[in-house]
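A look at the structure
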Amino acid sequence: MMHRLKPAGPTAVRVHNRRLLLKTIEACGPISRADLAKMLQMSEPTVSSVVEDLLTRKLVMDIGPGASLGGRRPTLIQFNPKAGYVAAVSITGDHVWGGISDLDGNFLFEQEILWEEEDVNPEKIGQILIDLAINSGLEKETILGAGIAAPGATDSERGILFYAPSLQWHNVPLGPIATEVSGLKVYVENDVNTAAMAEKTWGAARDLQNFILMTMDEGIGAALFLKGDLYRGHRYAAGEIGLMLVDRQWINKGTVTDPSDFGFLERFASVTAMIKQAKDAGVFFEGNDLDGFVSEAQQEFQVVADIVDQATEYLAAVIINMTAILDPEAVIVGGSWGESSTLMEKLRERVHAISPLRPRITPSSLGKKASRVGALSLAAKNAREDLLA
């Protein structure tokens, strides 16, 4: 049976045109209405009507006349990042970062809060959003929404955090609770996914359609962009590479059924795991700084050098296997590993020595702030959509 496509109604067409013009003005502004019409192959009356609509919504602004090309000087317009503001929260096992930005990701205010054990609950996140709004000095109605980067598998559509081992949370409706407490529209996404969103928007993946972001720090995770879109998976758990097996001996070491378990790879190759292995071998190292840990290896502590080599081999195996399945344009490495030029070179050497596909392996350009920037990006994207509706 054939299904005929129904033509889009006038409301849908107007929303589409608003979205298209706003995206073009953001990318190419300051720009004149005439140049917009030429670029988008739209009539000047249509462009003028849509621009007036965007001006009314305060999403764009006139910035005065541009250069004359022989006739009347055109009025230039550009995106107005102050059309509203968004809040963001990035959660880790021991602290919470919070910030407020305009719609272009420019920070106005940010703060970090250490978790107290009794404070580890979703209601506290809602209260942090309230405190951010108050401390920023902005009127609450100008804050259009909030994004949360959460450390675990997340149903982003319903705002449910399925499991977060570092918080010992399981099936927590983080988004709905934070929305109820704060009074803001709250959007929740896995923290590595938000980092990948930030890299795609502002960082090392701006020109990429297919890439993997791997973060290697206290924990290990990945995010996948395929054909320009984030891939979350059937259970919203795509990229939970801490659960991967890259050593056949691990198969006989038990199962991972407890949501508080971080997974086999994370047990052996995360920064936390590497430091624990060194301590178990009698080499004591203060803190969780990977560069400092590697310097121990450079000072001829062979046991530390062996631990670093083992972790490098495990991570190289993950990249080789994921590359064989997904064939990405690049693998972007974030976290402490991505900030170490020594470890990045070790990782490239291992991968390129074995894999004939040899993906480009590059460090994150946003570093450890990527998930924070991504949480703001998530909130700003949804705020724009609300303003365009």
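The structure contained in this document is the topic of the report that follows.

What counts as what
Residues numbered from 1 in each chain as written. Predicted model: local features only at pLDDT ≥ 70, side-chain atom pairs only at ≥ 80, totals over all residues. Heavy atoms only, no water. Axes fitted to C-alpha atoms, helices over the stretch in contact; angles between N-to-C directions. Helix = DSSP H or I, 4+ residues; strand = E, 2+ residues; numbered from the N terminus. Parallel < 35°, antiparallel > 145°, perpendicular 65-115°, else oblique. Left-handed = near helix turned anticlockwise from the far one by under 90°. Contact = heavy atoms within 4.5 Å. Nonpolar A, V, L, I, M, F, W, Y, C, P; charged D, E, K, R; others polar. Phe/Tyr/Trp six-rings, centres within 6.5 Å; stacked < 30°, edge-to-face > 60°. Buried < 20%, exposed > 50% of the residue type's maximum accessible area, 1.4 Å probe, protein only. Pairing = 2+ DSSP bridges. Expected span 1.5 Å × (residues − 1). Arc of directions from axis to C-beta. Polar contact = N/O pair within 3.5 Å; in protein donor to acceptor, adjacent residues only side chain to side chain.

Quick look at the packing of helix α2 (residues 33-40) against helix α3 (residues 44-56) now. The geometry of α2 relative to α3 is characterised by a closest axis approach of 9 Å and an angle of 120 degrees between their N-to-C directions. By the criterion of interaxial angle, the relationship of α2 to α3 is oblique. Read as a crossing pair, α2 and α3 show a hand that is right-handed. Contacts from Arg 33, Ala 34, Leu 36 and Ala 37 in α2 reach Glu 44, Val 47, Ser 48, Val 51, Glu 52 and Leu 55 in α3. Broken down by class, the residue content of the contact of α2 with α3 amounts to six nonpolar, one polar and three charged.

On to the packing of aromatic side chains, then. Within the structure shown, the criterion is met by three aromatic pairs. A centroid spacing of 5.8 Å and a plane angle of 85 degrees characterise the contact between Trp 97 and Phe 107, whose relative ring orientation is edge-to-face. With a gap of ten residues between them, Trp 97 in strand β5 (residues 95-102) and Phe 107 in strand β6 (residues 107-114) connect regions that are remote in the sequence. Of the residues examined, Trp 97 reaches a relative accessible area of 1% and is grouped as buried. By relative accessible area, which is 35% here, Phe 107 ends up partly exposed. Taking 6.2 Å as the distance between ring centres and 50 degrees as the angle between the ring planes, the aromatic pair formed by Phe 162 and Tyr 236 counts as tilted. Placement of Phe 162 in strand β9 (residues 160-164) and of Tyr 236 in the loop between β14 (229-231) and α7 (264-269) is noted, with a sequence separation of 74 residues between them.

So, on to the sheet that holds β14. Ordered by their spatial adjacency, five strands build an open sheet running β14-β13-β12-β15-β16, and the pairing between neighbours is mixed. In this open sheet, the two strands that pair with only one neighbour each are β14 and β16 (360-363). In this sheet, adjacent strand axes meet at a mean angle of 25 degrees when their direction is disregarded. Against the sheet, helix α6 (residues 191-202) contacts β12 (211-216), β13 (220-226) and β14, and its axis sits at roughly 45 degrees relative to β13.

When you tally the buried positions in β13, you get six out of seven residues, the bulk of the element. The sheet contact formed by β12 and β13 spans six bridges and is antiparallel. Paired with Met 214 across the strands is Ala 222, a residue of β13. Count of turn residues in the β12/β13 antiparallel hairpin: three residues. As paired strands, β13 and β14 are joined by three bridges and run antiparallel to one another. Its bridge partner lying in β14, Phe 225 is registered against Leu 230. A loop of two residues connects β13 with β14, the two strands running antiparallel in sequence, and Lys 227 in this loop sits at a positive phi of about 55 degrees.

The subject of this paragraph is helix α4 (residues 122-136). Look at α4: 21 Å from first C-alpha to last across 15 residues, which is about the 21 Å you get at 1.5 Å a residue. Looking at α4, one finds that the buried residues are Pro 122, Ile 125, Gly 126, Ile 128, Leu 129, Leu 132 and Ala 133. Down the axis of α4, the buried side of the element spans an arc of 155 degrees, and every buried residue falls inside it. Two or three places before Glu 123, at the opening of α4, Asn 121 has a side-chain oxygen 3.1 Å from that residue's backbone nitrogen. Among the residues trailing α4, Gly 137 stands out with phi positive, at a value near 80 degrees.

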